[in-house]
Amino acid sequence: MKGAPPTRHSQISDMQVIINCVDQRGREMDQCWGIGRLPMLVPFAWAERFHAQQKLFNAAVWAFDLCLIRQHGDAMLRAYDKLDGLAREIKGEPLPVDQWEFETEQGLVILVRDLRDTGRAQCHGRKAQVWSLDEIANVIHCHPMIAAAKEAFVGAQVMSVRPSKVAIDALNDELSDIPF
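In this report, the structure presented in the accompanying data block is examined. Please read these numbers as outputs of a predicted model, since none were measured by experiment. Residue positions are given per chain, counted from 1 along the sequence in the order it is written. Per-residue local features of the predicted model are confined to residues with pLDDT of at least 70, and side-chain atom pairs are confined, for both listing and counting, to 80 or more; whole-chain, interface and lining totals are unaffected and use all residues. Excluded from the side-chain calculations are hydrogens and water; all other atoms, namely the structure's heavy atoms, are used.

### Considering the sheet that holds strand S3 (residues 128–132)
Part 1: As summarised here, the arrangement of the 3 strands in space is S1-S2-S3, forming an open sheet in which the pairing is mixed. Unpaired on one side and paired on the other, strand S1 (99–104) and S3 mark the two borders of the sheet. In this sheet, neighbouring strand axes are inclined to one another by 25 degrees on average, regardless of whether the strands run parallel or antiparallel.
Part 2: Bridge analysis of strand S2 (residues 107–112) against S3 gives 5 bridges, and the strand direction is parallel. Looking across to S3, one finds that Val-109 is bridged to Gln-129. Paired strands are those between which DSSP finds at least two bridges. We count a stretch as a helix when DSSP gives it H or I for four or more residues in a row; a strand needs E for two or more, and each element gets its number in order from the N terminus. All axes are obtained by fitting lines to C-alpha atoms, using only the stretch in contact for helices, and the reported angles, taken between N-to-C directions, cover 0 to 180 degrees.

### Regarding the environment of Ala-87
Part 1: Looking at where Ala-87 falls in the secondary structure, it is placed in helix H3 (residues 66–91).
Part 2: Note: C-alpha distance between Ala-87 and Ser-160 (73 residues apart in sequence) is 44 Å.
Part 3: Here, residues are in contact when the closest pair of their heavy atoms is within 4.5 Å. With sequence-adjacent residues up to four places away left out, Ala-87 is seen in contact with Trp-33, Leu-38, Leu-41, Val-42 and Gly-92.

### Focus on the side chain of Thr-118
Part 1: Turning to its location among the elements, Thr-118 is positioned in the loop between S2 and S3.
Part 2: Relative accessible area serves as the criterion here: at 18%, Thr-118 is assigned to the buried category.
Part 3: Distance and chemistry together define a polar contact, namely a pair of N or O atoms within 3.5 Å, with one atom able to donate a hydrogen and the other to accept it when in protein, and with adjacent residues in sequence counting only for side-chain atoms on both sides. Here the side chain of Thr-118 touches Leu-115 through a polar contact of 3.0 Å, landing on its backbone oxygen.
Part 4: If near-sequence neighbours (up to four positions away) are discounted, Thr-118 is found in contact with Ile-35, Val-112, Val-130, Ser-132 and Glu-135. Exposure categories follow from relative accessible area, calculated using a 1.4 Å probe and restricted to protein chains: below 20% of the type maximum is buried, above 50% is exposed, and the middle band is partly exposed.

### Focus on unusual backbone geometry
Part 1: One non-glycine residue, Phe-64, lies in the positive phi region at around 60 degrees.
Part 2: For Phe-64, the location among the structural elements is in the loop between helix H2 (44–63) and H3.

### Some details on the pairing of S1
Part 1: Here S1 runs beside S2; their pairing, made up of 6 bridges, is antiparallel. In the strand pairing of S2, Glu-101 is matched with Ile-110.
Part 2: Linkage of S1 to S2, two consecutive antiparallel strands, is achieved through a turn of 2 residues.

Structural data, given as structure tokens:
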């Protein structure tokens, strides 16, 4: 005698388990090789096959089809394993990421060269913010006064940054205009 047919809730739960497994493997590969770098380390034909499989898996997820999610989820795990194996054959073990560490009042900050390396930073179990040089460049771009000060005063060090009086005044509202 067979049990009751699976409920929609149990199917969704099964789908979530498979999706989580595939996502976890993707995060592991990003930590190992750098964010999104694994397909770039293998021959084009394998990278194309990987992306084709990724599209099939994503389509299965969007279609909400447990059978297809199971089929393409297994294929995604095999694809990650294959690319990892190929990358190790071609490139050897992943190189450790170059990183610089410093303490701030908010805690440990780790600086890495490339945005793709943020997932590979070695925190060694410590809670830390990880920043890339691209992110630092974006902060400088968004705050031109910092760059102007460095340009005007060659050799100067930025010791602190405060928001402008206009920004502070905008944040110091009375909340009196809220109708409740």
